[in-house]
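# Fold and contact review
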Amino acid sequence: QTQLVESGGGLVQAGGSLRLACKASGMILSVFSSSTMGWYRQAPGKQRELVAEITSERILNYSDSVKGRFTISRDNSKRMVYLQMNSLKAEDTGVYYCHSNSAAYGLAYWGQGTQVTVPS
């Protein structure tokens, strides 16, 4: 059974850094390699929003609010996707979710989320 498992969240002061990781457990390599992998976040009282995504061809897309501060990357051989977050701000607080979407296989998954808290 395929699961996306996030890790790396926590409490960090403004200006600090965190690195989130997402493991696609049980996902076969061809599905992972064909998937667009994304990180979304949901702040309290707000809708879930896209933070960053990386396509199968490693095309990157970032929300304007994190450009220049966050970096998404993937390691297909390990079925892993990462989000390096630098210069964190209070408005980066929220639950961060990993998402995969393979149009080729018609498969999409969400992780359970990991909390990131940056006190104001």
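Residues numbered from 1 in each chain as written. Predicted model: local features only at pLDDT ≥ 70, side-chain atom pairs only at ≥ 80, totals over all residues. Heavy atoms only, no water.

## Side note on the environment of Cys22
The residue Cys22 is located in strand β3 (residues 18–25) in this model. With 10 residues separating them along the chain, Cys22 and Phe32 place their C-alpha atoms 12 Å apart. With residues up to four places along the chain from it excluded, the contact list for Cys22 reads Leu4, Val5, Glu6, Trp39, Arg79, Met80, Val81 and Cys98. (Helix = DSSP H or I, 4+ residues; strand = E, 2+ residues; numbered from the N terminus. Contact = heavy atoms within 4.5 Å.)

## Quick notes on the packing of aromatic side chains
If you walk through the whole model with that rule in mind, you get 2 aromatic pairs. Ring centres of Tyr40 and Trp110 lie 4.9 Å apart, and the angle between their planes is 65°; on these two criteria the pair is classed as edge-to-face. Taken as a pair, Tyr40 in strand β4 (residues 36–42) and Trp110 in strand β10 (residues 107–110) lie far apart in primary sequence, 70 residues in all. Residues Tyr97 and Trp110 carry aromatic rings whose centres are separated by 6.4 Å and whose planes lie at 90° to one another, so their mutual orientation is edge-to-face. Taken together, the residues Tyr97 in strand β9 (residues 94–102) and Trp110 in strand β10 connect sequence positions 13 residues apart. Relative accessible area serves as the criterion here: at 13%, Tyr97 is assigned to the buried category. Ring-pair connections join several aromatic residues into one group, and the members of that group are Tyr40, Tyr97 and Trp110. Positioned over the ring face of Tyr82 is Arg19, at 4.0 Å from the centre of the ring. (Phe/Tyr/Trp six-rings, centres within 6.5 Å; stacked < 30°, edge-to-face > 60°. Buried < 20%, exposed > 50% of the residue type's maximum accessible area, 1.4 Å probe, protein only. Lys NZ or Arg CZ within 6 Å of the ring centre and 35° of its normal.)

## Structural notes on the pairing of strand β5 (residues 49–54)
As defined by bridge partners, β4 adjoins β5 across 5 bridges and the pair is classed as antiparallel. Each residue of the ladder has a partner; that of Arg41, found in β5, is Glu49. Taken together, the 3 bridges between β5 and strand β6 (residues 60–62) define a ladder with antiparallel strand orientation. Bridging across to β6, Ile54 finds its partner in Leu60. Taken together, β5 and the strand that follows it, β6, pair antiparallel across an intervening segment of 5 residues, in which Arg58 is found at a positive phi of about 65°. (Pairing = 2+ DSSP bridges.)

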